[in-house]
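Geometric and topological summary
Spelled out, the chains give:
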Amino acid sequence: MDQILGMAEIVSSVLWGPFVLIPLLFGVGLFLTVRLKLLQLLRLPHSLWLALIRRKEDSSVEGDISHYQALSTALAATVGVGNIAGAALAIGVGGPGALFWMWVVGLLGMATKYSEALLGVKFRRTDAKGEQSGGPMYYLKYGLNGWLGTVLGGAFAVFGAIAAFGIGNGTQANTVTQQVTSLVEVEPWVVGLILMLLAGAVILGGIKSIGRVASALVPIMIIGYVASCLLVLAINWASVLPALQLVFTSAFSYTAPVGGFAGAGLMLAIQQGFSRGIFSNEAGLGTGAIAAAAAKTREPVRQAMVSMTQTFIDTIIVVTMTCLVIITTGVWQEGDVDGSLLTTLALTEGLGQASAALAVAGQYIVAIAVTVFAFTTMLGWSYYGERCVEYLGGRKFVTPYRFVFLAVVFIGSIAALDEVWLFSDIANALMALPNLLGLLLLSPLVVAETRKFFNHPEWRNPDVVMEDIRS
């Protein structure tokens, strides 16, 4: 096991090092941002209106769930442990500058997410049960054609089915167990069993069940968590501007060792920002395309605009809140605390400056947030995994996969956190590689579809059918 872990650490360091995924993620995101002419910023207001106000198209159109439910499913899968434990780990290891690089991942990732979702809807297929099935495996195979598309699509599906057990399962269950057992005297297996039963009640119902639960829980969990963080920042208002200054200065320089931490150099800040950023918002992994493909929509571009708001909400709002709370309270300098416990310490100390009662509440706020975030992430990733399995072997493998996924929820609750995070980083990287290559090759199609859509005089009207675009 020690040898396997040693090899895994080497593989992870290479994949997430300065020569593979970091330049690839940055390069693809920047390339798409330029090709799409800053669409993710210029069309963001309309995209937020579609996602949060309009929410759906005509219910008679092809698809399984509404715009809003597809967005909620994607948010459920991404707004999870990565926003609390992952962001905390990034700051703890890479220093405050890691937040800046998570912003870069988020802003450029919005263009990446837009492109993934557009292709996901355009190349989706109807499975044997009559449900929509789409994602990178489909747009790689049918968009690229030939042996290259088949190989890349198959590789993504294999890595995606495996990665779901890590990023969307093991890390979530593990962090929940760590958080709950730190507050309550309960055996880890009990926490794992409860999580498994609750997840099973939703997952076994399929995407419509997941969409309903996600659309109900996601707004509550995000608003509640962000409100708690804003309260801490209001209490520590004098530290907010210095914290932001520290984020920018640390992003481009070495940070001296503080409080027992190993010094976080520029490369470490970038590495943590990119790896934890993609763990949080999944831009580049291609998973958002799987959720987008299930949406009831006539136009790929319209769902793509909705889908890119997920990255904005996840990184620019939720991750920023977590990191600023950790930085303004100074707990990032605590050398013996990491993961969600660092966020717990930050909220506890921050709220404690107002009253002792709020300090106690801080512990439970994070515990509840971690539990709900992780639970919804399991729901979203179970769908991603089963779509990959359905692509590889057909509908008959979906139900067995769901039961195996639920079993891993229990196993993950008693596994070692460092090992789970390590293998999750590797799985994420192996998913991202074929997807990013495919996005580059299919970018002309993305640009052409986008240009056709926005050249239509009625593109702002979600009730208009644009036959020239679909043809």
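Residues numbered from 1 in each chain as written. Predicted model: local features only at pLDDT ≥ 70, side-chain atom pairs only at ≥ 80, totals over all residues. Heavy atoms only, no water.

1. Topic: the nonpolar core
Counting 135 residues, the largest nonpolar core has L99, Y114, I222 and W381 as the members making the most contacts within it. Looking at this core element by element, the count peaks at 15 residues for helix α7 (residues 97-122). Contacts of L99, omitting those with residues within four sequence positions, involve I91, V247, V319, T320, C323 and L324. (Core = buried A, V, L, I, M, F, W, Y, C linked by side-chain atoms within 4.5 Å. Buried < 20%, exposed > 50% of the residue type's maximum accessible area, 1.4 Å probe, protein only. Helix = DSSP H or I, 4+ residues; strand = E, 2+ residues; numbered from the N terminus. Contact = heavy atoms within 4.5 Å.)

2. Focus on the packing of aromatic side chains
Aromatic rings in a pair are described by how distant their centres are and how their planes are angled relative to each other. Taken as a whole and assessed by the stated rule, the structure comprises 13 aromatic pairs. Taking 5.8 Å as the distance between ring centres and 50° as the angle between the ring planes, the aromatic pair formed by W103 and F248 counts as tilted. Taken as a pair, W103 in helix α7 and F248 in helix α13 (residues 240-251) lie far apart in primary sequence, 145 residues in all. Residue classification places W103 among the buried residues on the basis of a relative accessible area of 15%. With 6.4 Å between their ring centres and 15° between their planes, Y138 and Y142 make a pair best called stacked. Highlighted residues: Y138 and Y142, both in helix α8 (residues 136-144), separated by 4 residues, approximately one helical turn. When its relative accessible area of 31% is taken as the criterion, Y142 is described as partly exposed. An aromatic cluster of three or more residues is present, and its members are F100, W101, W103 and F248. One Lys or Arg, R43, reaches over the ring of F454 and ends 4.5 Å from the middle of that ring. (Phe/Tyr/Trp six-rings, centres within 6.5 Å; stacked < 30°, edge-to-face > 60°. Lys NZ or Arg CZ within 6 Å of the ring centre and 35° of its normal.)

3. Re a nonpolar patch on the surface
There is a patch of nonpolar side chains on the surface, built from L38, L41, L42 and L107 and spanning about 370 Å² of accessible area. Structurally, L42 is set in helix α3 (residues 39-42). (Patch = residues over 30% accessible without salt bridge, like charges linked within 9 Å, V, L, I, M, F, W, Y side chains within 5 Å. Areas by Shrake-Rupley, 256 points an atom, 1.4 Å probe, with all protein chains shown as cover. Salt bridge = Lys/Arg side-chain N within 4 Å of Asp/Glu carboxyl O.)

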